[in-house]
Amino acid sequence: VRLWTPDGQEKGTLKGHSGSVYSVAWNHDGSLLASGSSDGTVRLWTRDGQEKGTLEGTVASWQGLDPETKELAAKVKEGGSSGGNRTGQYIVTADSDMVYVFLTNADGEKQGELLACFRSPASVESVTCRETKVVVGCADGQVLFLEAPLLAVG
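Bear in mind the structure is a predicted one, so any value in this text is a computation, not a measurement.

A. Just unusual backbone geometry, in detail. In this structure, serine 96 is a non-glycine residue whose phi angle is positive, near 60 degrees. Relative to the helices and strands, serine 96 is located in the loop between strand 8 (90-95) and strand 9 (98-104). Among the residues examined, serine 96 registers a relative accessible area of 48% and is labelled partly exposed.

B. Focus on the environment of leucine 115. Within the element layout of this structure, leucine 115 appears in strand 10 (residues 110-119). Leucine 115 sits 13 residues away from phenylalanine 102 along the chain, and the two C-alpha atoms are 5.4 Å apart.

C. Spatial organisation of the sheet that holds strand 12 (residues 133-138). The 3 strands lie next to each other as 11-12-13, forming an open sheet whose pairing is antiparallel. Only two strands of the sheet have a single partner each, and these edge strands are strand 11 (124-130) and strand 13 (143-147). Pairwise comparison of adjacent strand axes, ignoring direction, gives a mean angle of 20 degrees for this sheet.

D. Inspection of the environment of aspartate 39 at higher detail. Following the sequence through the fold, aspartate 39 ends up in the loop between strand 4 (32-37) and strand 5 (42-46). It is 7.3 Å that separates the C-alpha atoms of aspartate 39 and serine 20, two residues lying 19 residues apart in sequence. Beyond its immediate sequence surroundings of up to four residues, aspartate 39 is in contact with His17, Ser18 and Gly19. A polar contact of 2.6 Å, which involves the side chain of aspartate 39, links it to the side chain of threonine 41.

E. Structural detail: the pairing of strand 4. Across the 6 residues that make up strand 4, a large majority, 6, are buried. By the alternation rule, side chains of strand 4 split into Leu32, Ala34 and Gly36 and Leu33, Ser35 and Ser37, which are all buried. Two strands pair when backbone bridges link them, and strand 3 (residues 21-26) and strand 4 are joined in this way by 5 bridges, in the antiparallel orientation. Bridged to valine 24 within strand 4 is serine 35. What sits between strand 3 and strand 4 in their antiparallel hairpin is a turn of 5 residues, with glycine 30 showing a positive phi close to 75 degrees. Pairing analysis gives 5 bridges linking strand 4 to strand 5, with the strands arranged antiparallel. Bridged to alanine 34 within strand 5 is leucine 44. Following strand 4, the chain reverses through 4 residues before pairing antiparallel with strand 5; glycine 40 in that reversal takes a positive phi of roughly 90 degrees.

F. Just the pairing of strand 12, in detail. Burial of strand 12 is extensive: 5 of the 6 residues sit out of reach of the surface. Pairing of strand 11 with strand 12 involves 6 bridges; the strand directions are antiparallel. Each bridged residue has a counterpart across the sheet, and for arginine 130 the counterpart in strand 12 is lysine 133. Pairing of strand 12 with strand 13, which is carried by 5 bridges, proceeds in the antiparallel orientation. Looking at strand 13, one finds that lysine 133 is bridged to glutamate 147.

G. A look at the pattern of salt bridges. By the definition in use, this model includes 3 salt bridges. The residue glutamate 51 makes a salt bridge to arginine 43 at a minimum N-O spacing of 2.8 Å. With its nearest N and O atoms 3.0 Å apart, the salt bridge here joins aspartate 97 to arginine 119. Taken together, the residues aspartate 97 in the loop between strand 8 and strand 9 and arginine 119 in strand 10 connect sequence positions 22 residues apart. For aspartate 97, a relative accessible area of 21% gives the class partly exposed. Residue arginine 119 is classed as exposed on the basis of its relative accessible area, which comes to 60%.

About the cut-offs
- Residues numbered from 1 in each chain as written.
- Predicted model: local features only at pLDDT ≥ 70, side-chain atom pairs only at ≥ 80, totals over all residues.
- Heavy atoms only, no water.
- Helix = DSSP H or I, 4+ residues; strand = E, 2+ residues; numbered from the N terminus.
- Buried < 20%, exposed > 50% of the residue type's maximum accessible area, 1.4 Å probe, protein only.
- Pairing = 2+ DSSP bridges.
- Axes fitted to C-alpha atoms, helices over the stretch in contact; angles between N-to-C directions.
- Contact = heavy atoms within 4.5 Å.
- Polar contact = N/O pair within 3.5 Å; in protein donor to acceptor, adjacent residues only side chain to side chain.
- Salt bridge = Lys/Arg side-chain N within 4 Å of Asp/Glu carboxyl O.

Okay, structure coming up:
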């Protein structure tokens, strides 16, 4: 798992998944990220990218997790998303290896010109955002943490 800045500078590498990352999701307050992979694992990460744990096997076999973390991890394992690709007045979408940020209108639809875009080092499988953090799951197993200052609540 590699950490990248929006301008493409690598911030660091986190060891983790050996397969494609197909789902990423934040918990309700943005303090915990879960990533699901074709390697059969769900990995839990703190907001600053530190690994908090690895879950293997079935959801029923996961003991000792608080209910919120278990629900988040189960959604990711099943390929679902939590936190969505919207943060306030913005929507984040992906196409191939590109991630795009747009303004939204009152109905939550894309509006106006593209505000920002980021190139991923691999094909994008999943994207989610919370506040100024955009998380991208890639086909090569990388999870990118992008800080998007333009999304600052203000």
